[in-house]
Amino acid sequence: MNGRRIRTLVDLETDATWTSEVTGSEVLVRTTGKRSRESTKSFPDTEAAVRWAVGEEWKQLKKGLILVAPEVGPGEPQLHRFMGRE
């Protein structure tokens, strides 16, 4: 990891967004939509911060949001949608 990891998920029906930005051992989460919010969470190390951010991304994917990440590196998904059971 190059020290910074940003992922944005979008709700296509409402244009609401959920963004996580991992910088070192901190995660900044921004949401837009009906309730725009911003919060920061600290972790002991970068690995723990990324692990938490990925878990939160999966929660958002399961809610129907779509990952849009055009800036990702080779081998990482640029677009991701959860197609689980409904």
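Residues numbered from 1 in each chain as written. Predicted model: local features only at pLDDT ≥ 70, side-chain atom pairs only at ≥ 80, totals over all residues. Heavy atoms only, no water.

J.: Sorry, what's going on with the pairing of strand β1 (residues 4–10) here?
T.: Two faces make up the sheet, and in a regular strand the side chains alternate between them. Note that β1 and strand β2 (residues 17–23) share seven bridges and pair antiparallel. Each bridged residue has a counterpart across the sheet, and for I6 the counterpart in β2 is E21. Remark: six residues form the turn of the hairpin made by β1 and β2, two consecutive strands paired antiparallel; D15 in that turn has positive phi of roughly 65 degrees. Alignment of β1 against strand β5 (residues 66–68), held across three bridges, turns out to be antiparallel. Across the sheet, residue V10 finds its bridge partner in β5, namely I66. (Pairing = 2+ DSSP bridges. Helix = DSSP H or I, 4+ residues; strand = E, 2+ residues; numbered from the N terminus.)

J.: What's the story with the packing of aromatic side chains in this structure? I'm lost.
T.: A complete count under the given rule lists one aromatic pair for this structure. For the pair F43 and W52, a centre-to-centre distance of 5.6 Å together with 40 degrees between the ring planes defines the contact as tilted. Given a relative accessible area of 16%, F43 falls into the buried group. The class of W52 is partly exposed, set by a relative accessible area of 25%. (Phe/Tyr/Trp six-rings, centres within 6.5 Å; stacked < 30°, edge-to-face > 60°. Buried < 20%, exposed > 50% of the residue type's maximum accessible area, 1.4 Å probe, protein only.)

J.: Could you clarify how one ought to interpret the environment of L67 in this entry?
T.: Considering the arrangement of structural elements, one finds L67 in strand β5. Classification of L67 as buried rests on a relative accessible area of 7%. Each C-alpha atom, one on L67 and one on E57, is 8.3 Å from the other, the two residues being ten residues apart in sequence.

J.: Can you help me understand unusual backbone geometry in this one?
T.: When glycine is set aside, most residues are seen to have a negative phi, and most peptide bonds are trans. Phi is positive for D15, which is not a glycine, with a value near 65 degrees. Counting through the fold element by element, D15 comes out in the loop between β1 and β2. A relative accessible area of 60% means that D15 is categorised as exposed.

J.: In this structure, what is going on with the pattern of salt bridges? I would like to understand it.
T.: It is possible for side chains bearing opposite charge to pair when their charged atoms get close. Per the stated rule, a full pass over the model turns up six salt bridges. Put simply, R51 and E47 hold a salt bridge, and the shortest N to O gap is 3.2 Å. Residue R51 and its partner E47 are located together in helix α1 (residues 46–62), separated by four residues, close to a single helical turn. Exposure class is identical for R51 and E47. Each is exposed. Each of the salt bridges in this network shares a partner with another, and the network as a whole consists of R4, E21, R30 and E38. (Salt bridge = Lys/Arg side-chain N within 4 Å of Asp/Glu carboxyl O.)

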